[in-house]
Amino acid sequence: MLKLVYPGTFDPITRGHEDITRRASELFGGVIVAVAENVNKKTCFTLEERVEMATEVFSNDPRIQVMGFKGLLSYFLREQNANIILRGLRAVSDFEYEFQLAGMNRNLAPDVETLFLSASDPFMFVSATIVREIFRLGGDVSPFVHPAVLAFLRTKNRVFYL
Ligand code: ADP
């Protein structure tokens, strides 16, 4: 029995993240979207806000569960009795970091495998960083995020994204 966890910062969740999640859920019957606290990156949105946005995005799909987590991903997987880490690959540039991460996670939890799905064509160039940047500069990000995320972004002052 495969139980998938899709970890990420989701700052905010984009159509690219959404696409990876839904495709994996179709294939495996469910996914846990695990929103990381992330102590390395300074995030624009708090963990609670990032969880709230992702929860709204997947509110109509009971097979997709959204949870926040702190600390090591391998501990979180163990707590959830999950055995697969799901990640998305957009371009060759993602590969080196993802490969390193997968290797490290295999060391920390040898019974866990990392599974990759490649980005769908329309989302190949979408990243949370670029979405934040376009929004901050007054551009239209509606093609790249769910309407619930757009509504959330609009509640924030643009200065907030600096
Ligand atoms: P980002 O790289 O956008 O800041 P995260 O750190 O939250 O996002 O990434 C979580 C995972 O989702 C990573 O494996 C990342 O490569 C993947 N991912 C991010 N954006 C996309 C996309 N547009 N299509 C496919 N995978 C993606």
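Provided above is the structure to which this section pertains.
Rules used in this analysis
- Residues numbered from 1 in each chain as written.
- Predicted model: local features only at pLDDT ≥ 70, side-chain atom pairs only at ≥ 80, totals over all residues.
- Heavy atoms only, no water.
- Phe/Tyr/Trp six-rings, centres within 6.5 Å; stacked < 30°, edge-to-face > 60°.
- Buried < 20%, exposed > 50% of the residue type's maximum accessible area, 1.4 Å probe, protein only.
- Helix = DSSP H or I, 4+ residues; strand = E, 2+ residues; numbered from the N terminus.
- Core = buried A, V, L, I, M, F, W, Y, C linked by side-chain atoms within 4.5 Å.
- Contact = heavy atoms within 4.5 Å.
- Salt bridge = Lys/Arg side-chain N within 4 Å of Asp/Glu carboxyl O.

Per the counting criterion, the structure on display carries 4 aromatic pairs. Seen from their ring centres, Tyr-6 and Phe-10 are 5.2 Å apart, and the 80 degrees between their planes marks the pair as edge-to-face. Under the relative-accessibility criterion, Tyr-6 is labelled buried at 5%. Given a relative accessible area of 2%, Phe-10 falls into the buried group. Relative to Phe-99, the ring of Phe-95 lies with its centre 5.2 Å away and its plane at 25 degrees, an arrangement referred to as stacked. You can see Phe-95 and its partner Phe-99 sitting in helix H4 (residues 92-108), 4 residues apart, about one turn around the helix. Judged by relative accessible area, which is 44%, Phe-95 ranks as partly exposed. Judged by relative accessible area, Phe-99 falls into the exposed class, the value being 55%.

Right, let's talk about the nonpolar core for a bit. Core analysis: the biggest nonpolar cluster contains 32 residues, and Ile-13, Val-33 and Leu-86 have the highest contact counts within it. For this core, the elements supplying multiple residues, two or more each, are strand S1 (4-8), helix H1 (15-28), strand S2 (31-36), helix H2 (47-57), strand S3 (64-69), strand S4 (84-89), helix H5 (128-136) and helix H6 (147-154). Top element by residues in this core is H2. It accounts for 5 residues. Excluding anything up to four places from it in sequence, Ile-13 contacts Met-53, Ala-54, Val-57, Phe-58, Val-145 and Val-149. The next biggest cluster of nonpolar side chains, apart from the first, holds 12 residues, and it includes Val-5, Ala-36, Leu-73 and Val-112.

A separate point is the pattern of salt bridges. Applying the stated rule across the entire model yields 10 salt bridges. When the shortest N-O distance is used, the salt bridge between Asp-11 and Arg-132 registers 3.4 Å. Separated by 121 residues along the polypeptide, Asp-11 in the loop between S1 and H1 and Arg-132 in helix H5 bring together distant segments of the chain. The salt bridge partner of Arg-23 is Asp-19, with a shortest N-O separation of 2.9 Å.

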